[in-house]
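Residues per chain, in single letters:
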Amino acid sequence: MHYWLLKSEPDAYSIDDLKRQEVGTWDGVRNYMARNNLRAMKKGDLLFFYHSSTTVIGIAGIAEVEREAYPDPSQFKKAGKYYDAKATKAKPIWSAIDVRFKKKFKEAITLAVLKNDPVLADMILTQKGSRLSVQPVTESHFKHILKTYKV
DNA sequence: GCCAACGTTGGC
DNA sequence: GCCAACGTTGGC
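These remarks concern the structure in this document. (Residues numbered from 1 in each chain as written. Chains lettered and ligands numbered in written order. Predicted model: local features only at pLDDT ≥ 70, side-chain atom pairs only at ≥ 80, totals over all residues. Heavy atoms only, no water.)

1. Some points on the nonpolar core
So, point 1. Membership of the largest hydrophobic core comes to 20 residues, with the highest contact counts inside it found for L6, W26 and M41.
So, point 2. Elements supplying a minimum of two residues to this core: β1 (3-8), α1 (15-21), α2 (32-40), β3 (46-51), β4 (58-71) and β5 (95-110).
So, point 3. Y3, Y50, M123 and V137 belong to the second-largest nonpolar core, a separate cluster that totals 18 residues. (Core = buried A, V, L, I, M, F, W, Y, C linked by side-chain atoms within 4.5 Å. Buried < 20%, exposed > 50% of the residue type's maximum accessible area, 1.4 Å probe, protein only. Helix = DSSP H or I, 4+ residues; strand = E, 2+ residues; numbered from the N terminus.)

2. A closer look at the protein's contact with DNA strand C
So, point 1. As a structural note, the neighbourhood of DNA strand C is formed by K7, Y50, S52, S53, I57, L111, K115 and R131.
So, point 2. At 2.7 Å, a backbone N or O of R131 approaches a phosphate oxygen of DNA strand C. (Near = heavy atom within 4 Å. Polar contact = N/O pair within 3.5 Å; in protein donor to acceptor, adjacent residues only side chain to side chain.)

3. Quick word on the protein's contact with DNA strand B
So, point 1. Taken together, the neighbourhood of DNA strand B is formed by N31, Y32, M33, K128, G129 and R131.
So, point 2. For DNA strand B, the backbone makes up 69% of the atoms found within 4 Å of the protein, where backbone means sugar plus phosphate.
So, point 3. One of the side-chain N or O atoms of R131 is found 2.4 Å from a base oxygen in DNA strand B.

4. Considering the layout of surface pockets
So, point 1. Taken as a whole, the largest pocket holds about 680 Å³ of empty space.
So, point 2. As for the largest pocket, its lining consists of 22 residues, and the residues nearest its centre are K7, S8, D27, G28 and Y82.
So, point 3. Among the secondary structure elements, those contributing two or more residues to the lining of the largest pocket are β1, β2 (23-26) and α2.
So, point 4. Examining the composition of the lining of the largest pocket, we find that 3 residues originate from one element, β2, more than from any other.
So, point 5. Looking at side-chain class alone, the lining of the largest pocket contains 8 nonpolar, 8 polar and 6 charged residues. (1 Å grid on protein atoms, 1.4 Å probe; cavity = no way out; pocket = protein on both sides within 12 Å on 5 of 7 lines; lining within 4 Å. Points joined across faces, edges and corners; volume = space filled by probe spheres on them. Nonpolar A, V, L, I, M, F, W, Y, C, P; charged D, E, K, R; others polar.)

5. So, the side chain of Q135
So, point 1. Note that Q135 resides in strand β6 (residues 134-137).
So, point 2. Given a relative accessible area of 0%, Q135 falls into the buried group.
So, point 3. Within the local environment of Q135, its side chain forms a polar contact with the backbone nitrogen of L125, the two atoms lying 3.0 Å apart.
So, point 4. Only 3.0 Å separates the side chain of Q135 from the backbone oxygen of L132, close enough to count as a polar contact.
So, point 5. Residues within four places of Q135 in sequence aside, it is in contact with W4, L5, K7, N37, I124, L125 and S130. (Contact = heavy atoms within 4.5 Å.)

The structure is reproduced here in structure tokens:
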């Protein structure tokens, strides 16, 4: 079992959207490191759903991997903003996963709170300048966050 | 809205 | 292969 953190701008896709859908597609990732992390995910892995670029920045809830990486359909859609002319069906470049809603926190665990926690000093999320949108979270960090900021 | 940090592109 | 220029992310 591995743990992850996925960022999304709630204006585009929020944990409430996922809750409504029950199972949602995580597509549009256009960064190689983030993509490789998507590809490393296994069904049943747990992930933090993180809200970025919004009024309350932080971890909004939990989801789990429902379907492992497959070619991101949005790379083939010419009209869409995630279209990639270099990608072909035979040789796709980008990957998507499906995630299943697990839980929405009553209140998001904010980035400020996480940054203030010495236990999380070496978490990728809390590093200055870190903007990786799909990142691994260690088991101890994941459990620590749940235990400490239980909501 | 600003801007630091980072990733990507493309000229050489 | 280097690196400047540019575009994007994302916190503040």
